[in-house]
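Summary of the model geometry
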Amino acid sequence: MSTEKTSTSTAEDHSVTNPGAAAKAVTAVDPRLLVREQGLAGYWNEFKRKMKAGDLGSIPVVIGLLVIWAIFTSLNGNFLTAGNFSDMSVAMVGTGMIAVGIVFVLLLGEIDLSVGSVSGVAGAMFAVLNITHGMNEILALVLAILTGTVAGAIHGFFFAKIGVPAFAVTLAGLLFWQGFMLQVLGSNGTINLDSEGLVVKLTSYYFSDVAAAYGLALFATAAYFLSAFFDNRRREAAGVPSRPLNEIIVRTVVLAVLAFAVAIVFNQYKGLPLAVVIFLAFLVLTDFVLRRTSYGRKVFALGGSVEASRRAGINVEMVRISVFAIAGTFAAMGGLFVASKIASANQGAGTGEFLMNVIAAAVIGGTSLFGGRGRTWNALLGVMVIVSIQYGLALEGIASPVQYMITGGVLLATVVIDAVTRKTQKSAGRA
């Protein structure tokens, strides 16, 4: 008995006097390391564990998108042709840009109903400044985007500083900015843009050289590999779990196959669309901000618990105001892409089902309505689903009412999955 106590005491003293050994012991039993040491069987078991715990990630929306594509391709062979795929890619940018801003707001567990009207204001401001008053295109573009930033910041101020619910503030903003847009456009109601101007070229310009699409695919693949490789090196140096090299290589190969497949399709039509390049660039930038910066961690923290964030020293009011300003900025940029697509600014911009499509894109893509979970890439997945449904039904000559019903059904299914996922995670102790 005394021998056991002595050996136990010696082991405890050794762990206390040698914290490095204790740290190694903890690292050695990290479940992520055990999974990777078990190879394919370990990954399969980890996948099943995540499914049981409700950690679905983007799997449902990816499966849903593939099913949608399979159904419409079987109904109409023109659905996934190079021309139709390219047109869908350009058409989704305006809605997708606004959905990126909505993702930021949803991460707080809030909503912004004004983004549709703000997008219309941005298009109207650019048209009036550039076409009516002859202002320089770049300056008019910047001022139009700043209009969205200011509008979002105003909403954020009333929400964060005054304490008015975001729903009420942005609903008031929806009405105010829609009226403001009508006032700016005047009695004519429509202002045509210069067909050779900067804004119109946002959606009409294509990089016709095949090297552009292939070069972007190569750059994206190489950038991902190098980023993942050096990130792992830093994690290994810090003594924390990291992905093995063979896993990084597999992920890189999958990305390369997808990227070059898309590049091949684009090159079979007009080439690489400028609008898609800009959209992807903003997705990468915003994803970096959310996942790699202290600001992004603060946004996620507020979505998890406002009171805990406040006690941790986070300036809750400023983060909230900045998030709504970001949403307004992306609404303005999306509005310019919408104006570019139709080569005009008119009274119908940002109205009708447009707002619902924007919010649906963020939610369908996987961003939680309850806050604290999501990525800006969700906007891409969600808008791909919505645009695919719209184009697929249009090819079949199906009327708009059916489009609304199907999109609404998809949105409801996504929200149900989100709610069930949260309940499953709570029961598994992960929420």
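Every residue gets a number counted from 1 within its own chain, in the order that chain's sequence is written. Confidence filtering applies because this is a predicted model: local features only for residues at pLDDT of at least 70, side-chain atom pairs given and counted only at 80 or more, and all residues used for totals across whole chains, interfaces and linings. With hydrogens and water excluded, all non-hydrogen atoms of the structure serve as input to the side-chain values.

1. As for the confidence of the model for the protein
What pLDDT expresses is the predictor's confidence in each residue, scored from 0 to 100. Taken as a whole, the protein shows an average pLDDT of 85; of its residues, 84% reach a score of 70 or greater. A low-confidence stretch, residues 19–30 stays under pLDDT 50, and its non-local contacts, those more than four residues away or across chains, total 7 contacts. Residues count as neighbours in contact if any of their non-hydrogen atoms are within 4.5 Å of one another.

2. Description of helix 11 (residues 210–238)
In this text, helices come from DSSP runs of H or I with a minimum length of four residues, and strands from runs of E with a minimum of two, each type numbered from the N-terminal end. Take the number of residues in a helix, subtract one, and multiply by 1.5 Å to get its expected span. The end-to-end C-alpha distance of helix 11 is 42 Å, a good match for the 42 Å that 29 residues give at a rise of 1.5 Å each. Listed as buried for helix 11 are Ala-213, Ala-217, Thr-221, Ala-228, Asp-231 and Asn-232. Among the structural elements, helix 12 (245–267), strand 3 (272–273) and helix 13 (274–292) are those in contact with the buried residues of helix 11. Counting of polar contacts relies on pairs of N or O atoms within 3.5 Å, with two restrictions inside protein: one atom must be capable of donating a hydrogen and the other of accepting it, and residues adjacent in sequence are counted only when both atoms are side-chain atoms. Taking the backbone nitrogen of Ala-211 as reference, a side-chain oxygen 3.0 Å away marks Asp-209 as the first, capping residue of helix 11. Phi for Gly-239, located one or two positions after helix 11, is positive at around 80°. We call a residue buried when its accessible area falls under 20% of the maximum for its residue type, exposed when it is over 50%, and partly exposed in between, using a 1.4 Å probe and counting protein chains only.

3. Describing the packing of aromatic side chains
Stacked, edge-to-face and tilted labels apply to pairs of Phe, Tyr and Trp rings (six-membered ring for Trp) whose centres lie within 6.5 Å, assigned for plane angles under 30 degrees, over 60, and everything in between, in that order. For the coordinates displayed, the defined rule picks out 13 aromatic pairs. Note on Tyr-205 and Phe-207: the rings are 5.3 Å apart at their centroids and 90° apart in plane angle, and the pair reads as edge-to-face. Using a relative accessible area of 40% as the deciding quantity, one classes Tyr-205 as partly exposed. The class of Phe-207 is partly exposed, set by a relative accessible area of 27%. Residues Tyr-214 and Phe-260 carry aromatic rings whose centres are separated by 6.4 Å and whose planes lie at 20° to one another, so their mutual orientation is stacked. Taken together, the residues span a long stretch of sequence, with Tyr-214 in helix 11 and Phe-260 in helix 12 at a distance of 46 residues. Classification of Tyr-214 as partly exposed rests on a relative accessible area of 31%. Taking relative accessible area as the criterion, Phe-260 reaches 28% and is therefore assigned partly exposed.

4. Concerning the pattern of salt bridges
Within this document, salt bridges are pairs made up of a side-chain nitrogen of Lys or Arg and a carboxyl oxygen of Asp or Glu, the two lying within 4 Å of each other. In total, this model carries 8 salt bridges according to the counting rule given. Residue Glu-317 is joined to Lys-161 by a salt bridge in which the shortest nitrogen-to-oxygen separation is 2.8 Å. Here the residue Glu-317 occupies a position in helix 16 (residues 316–342), and Lys-161 occupies one in helix 8 (residues 137–162), the gap between them amounting to 156 residues. Classification of Lys-161 by relative accessible area gives partly exposed; the value is 42%. Between Asp-287 and Arg-291 there is a salt bridge whose closest N-O contact spans 3.0 Å. With Asp-287 and Arg-291 both in helix 13 and 4 residues apart, this pair spans about one turn of that helix.

5. Digging into the nonpolar core
Ranked by size, the top nonpolar core spans 96 residues in total, and within it Phe-126 and Phe-279 carry the most contacts. It is helix 6 (residues 82–107) that provides the largest number of residues to this core, a total of 15 residues. Those residues within four positions of Phe-279 in sequence are excluded, and the remaining contacts are Met-92, Val-93, Gly-96, Met-97, Val-100 and Leu-380. Residues enter a nonpolar core if they are buried and are Ala, Val, Leu, Ile, Met, Phe, Trp, Tyr or Cys, with the set joined through side-chain atoms within 4.5 Å.

6. Observations concerning the packing of helix 7 (residues 115–132) against helix 16
Packing of helix 7 against helix 16 brings their axes to within 7 Å, and their N-to-C directions diverge by 60°. In terms of orientation, helix 7 lies oblique with respect to helix 16. The hand of the helix 7/helix 16 crossing is right-handed. Contacts between helix 7 and helix 16 pair Val-115, Val-118, Ser-119, Ala-122, Gly-123 and Phe-126 from the former with Ala-327, Gly-328, Ala-331, Ala-332, Gly-335, Leu-336 and Ala-339 from the latter. Gly is put with the polar residues, along with every residue not named as nonpolar or charged; the nonpolar set is Ala, Val, Leu, Ile, Met, Phe, Trp, Tyr, Cys and Pro, and the charged set is Asp, Glu, Lys and Arg. Its residues placed into classes, the contact of helix 7 with helix 16 shows 9 nonpolar, 4 polar and no charged. Axis definition: a line fitted to C-alpha atoms, over the contacting stretch in the case of helices. Angles run 0 to 180 degrees between N-to-C directions. To sort the angles, those under 35 degrees are grouped as roughly parallel, those over 145 as roughly antiparallel, those from 65 to 115 as roughly perpendicular, and the leftovers as oblique. Whether a crossing is left-handed or right-handed is set by the direction in which the near helix is turned from the far one by less than a right angle, anticlockwise for left-handed and clockwise for right-handed.

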